[in-house]
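Structural description and commentary
Here is what each chain is made of, one letter per residue.
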Amino acid sequence: MIQARDFVHDALGRGYDWYAGVPCSFLTPFINYVIGDGAIGYVSAANEGDAVAIAAGTWIGGHRGIAMMQNSGLGNALNPLTSLLHTFRIPVLLICTHRGAPGVDDEPQHDLMGRVTGPLLDTVHVPWTRFPSDPAEISAVLDEADHRAAERRAYALVLEKGSCAPHPPAPAAAAPRPTPVPVEGRGHVLTAAERGSRQEALEAIVAASDEPRTVVVATTGYTGRELYAIADRPNHLYMVGSMGCASSLGLGLALARPDLRVVVADGDGAALMRMGNLATIGAYLPKNLLHVVLDNEAHDSTGAQATVSSRIDLAGVAAACGYRRVLRTDSATELREFLRTPEQDGPYFAHMKIRTGTRGTLPRPALRPPDVLDRLMDRIGRTP
């Protein structure tokens, strides 16, 4: 059995200064210790996939991140594990508990995942080992994590019951609930046929994002491809998978790099898929994050099947979650003006209605995803 500080301090010495996770009773000592350590950032994620994407964002910004989760939630993380970390070669370190381990009495819902945790990690090409239960083992485990990071591969530590001694919780900080801000903008006044195009909205984002310190993260599907067609810039990151994770990756990057201005170009389907991250953003209040949802009420790139966004007030949701400025509009001009306002007390949220459809045949980025990411990191002064 080890003390949480034994592992956390050794990891901190190797640059692991951000954690994101979803609690498990096996993880309680680590979460309690990390929250109480002022040198370490911790984000309580809405789900395990968001935790992975948040940690990926901190790594892009130059800070090594650890994603913590119960193995029952490993399924929630498979999407970003396979189509974000693997695709872009982002070496996040995972701490995954082993509920339902063979021979260990546990709740029935953990039985199957307990038996397949290791094989599942093997299947998705995430190398793993047992979490150290002796302080003398920590250095060798972190050496292997360093080796995998040099290869730009994720690495997992599977934590068995009783590996870590209890640690008391940190005193709870007072966190008054912010009063929702009034929603700005003219609202959604145009019919679906009258609304502007995605291209017009993305051109407004590009026009407001030309300064050197701005990063634009575009969600998967037509949004990233159309942004590439409009202007391929070193400060653009085109998500090609991990649907719904653009905002959580943007959150991690914004928290790790407060000197940057992070603009997330999201879609209604993606935002709805991981809407819990709106609450996480509103709770952690990154001042430098601007979250734009381009809403055509459809999954456009798969045949324009309807989403439920026509029944959801996403701007109202963002205001209720704690975003500090919120715009509701269907005007590209109004969006451009909103984005050009210098951020002072973010995060900001813009909900713009657009029509379905896209410009002709959209090209795909000529660079491979890791090369797009390396170009971005070079742009922001981050050595891969």
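Quick note: structure is the one above.
Residues numbered from 1 in each chain as written. Predicted model: local features only at pLDDT ≥ 70, side-chain atom pairs only at ≥ 80, totals over all residues. Heavy atoms only, no water.

Formed by 92 residues in total, the largest nonpolar core has its most connected members in I60, I90, L237 and L335. Setting aside its immediate chain neighbours within four residues, I60 contacts I90, L237, L249, L253, L373, L376, M377, I380 and R382. Core analysis: the second largest hydrophobic core is formed by 29 residues, C24, F26, I66 and I138 among them. (Core = buried A, V, L, I, M, F, W, Y, C linked by side-chain atoms within 4.5 Å. Buried < 20%, exposed > 50% of the residue type's maximum accessible area, 1.4 Å probe, protein only. Contact = heavy atoms within 4.5 Å.)

Before going further, it helps to spend a moment on the pattern of salt bridges. By the definition in use, this model includes 21 salt bridges. For R115, the salt bridge goes to D111, with nearest N and O atoms at 2.8 Å. With R115 and D111 both in helix α5 (residues 111–123) and four residues apart, the pair spans about one turn of that helix. Given a relative accessible area of 39%, D111 falls into the partly exposed group. The partner of R130 in a salt bridge is E160, with the nearest N and O atoms 2.2 Å apart. Here R130 is found in strand β5 (residues 128–130), whereas its partner E160 is found in the loop between β6 (155–159) and α7 (198–207), with 30 residues between them in sequence. (Salt bridge = Lys/Arg side-chain N within 4 Å of Asp/Glu carboxyl O. Helix = DSSP H or I, 4+ residues; strand = E, 2+ residues; numbered from the N terminus.)

Pairing within the open sheet is parallel, and its six strands lie in the order β8-β7-β9-β10-β14-β13. For this open sheet the edge positions go to β8 (236–238) and β13 (325–329), each flanked by a neighbour on one side alone. Strand-to-strand twist in this sheet, taken as the mean axis angle between neighbours without regard to direction, amounts to 15°. Taken together, the six bridges between strand β10 (residues 289–295) and strand β14 (residues 348–353) define a ladder with parallel strand orientation. Paired with V292 across the strands is A350, a residue of β14. (Pairing = 2+ DSSP bridges. Axes fitted to C-alpha atoms, helices over the stretch in contact; angles between N-to-C directions.)

So, on to the side chain of R195. Residue placement: R195 occurs in the loop between β6 and α7. On the basis of relative accessible area, R195 is assigned to the buried category, the value being 9%. When sequence neighbours within four positions are dropped, the list of residues in contact with R195 reads L190, E297, K353, I354 and R355.

Our next topic: the layout of surface pockets. A volume near 300 Å³ is recorded for the largest pocket. As for the largest pocket, its lining consists of 20 residues, of which T220, A298, H299, D300 and S301 are closest to the centre. For the lining of the largest pocket, the secondary-structure elements that each account for two or more residues are α8 (222–230), β9 (261–267), α10 (268–273) and β11 (298–299). Looking at the lining of the largest pocket element by element, the count peaks at three residues for α10. A class-by-class count of the residues in the lining of the largest pocket yields six nonpolar, ten polar and four charged. Looking at the second largest pocket, it is lined by 14 residues, and the ones nearest its centre are R225, M239, V240, R364 and P365. For the lining of the second largest pocket, the secondary structure elements donating two or more residues are α8 and α14 (369–379). Taken together, the residues of the lining of the second largest pocket break down into eight nonpolar, three polar and three charged. (1 Å grid on protein atoms, 1.4 Å probe; cavity = no way out; pocket = protein on both sides within 12 Å on 5 of 7 lines; lining within 4 Å. Points joined across faces, edges and corners; volume = space filled by probe spheres on them. Nonpolar A, V, L, I, M, F, W, Y, C, P; charged D, E, K, R; others polar.)

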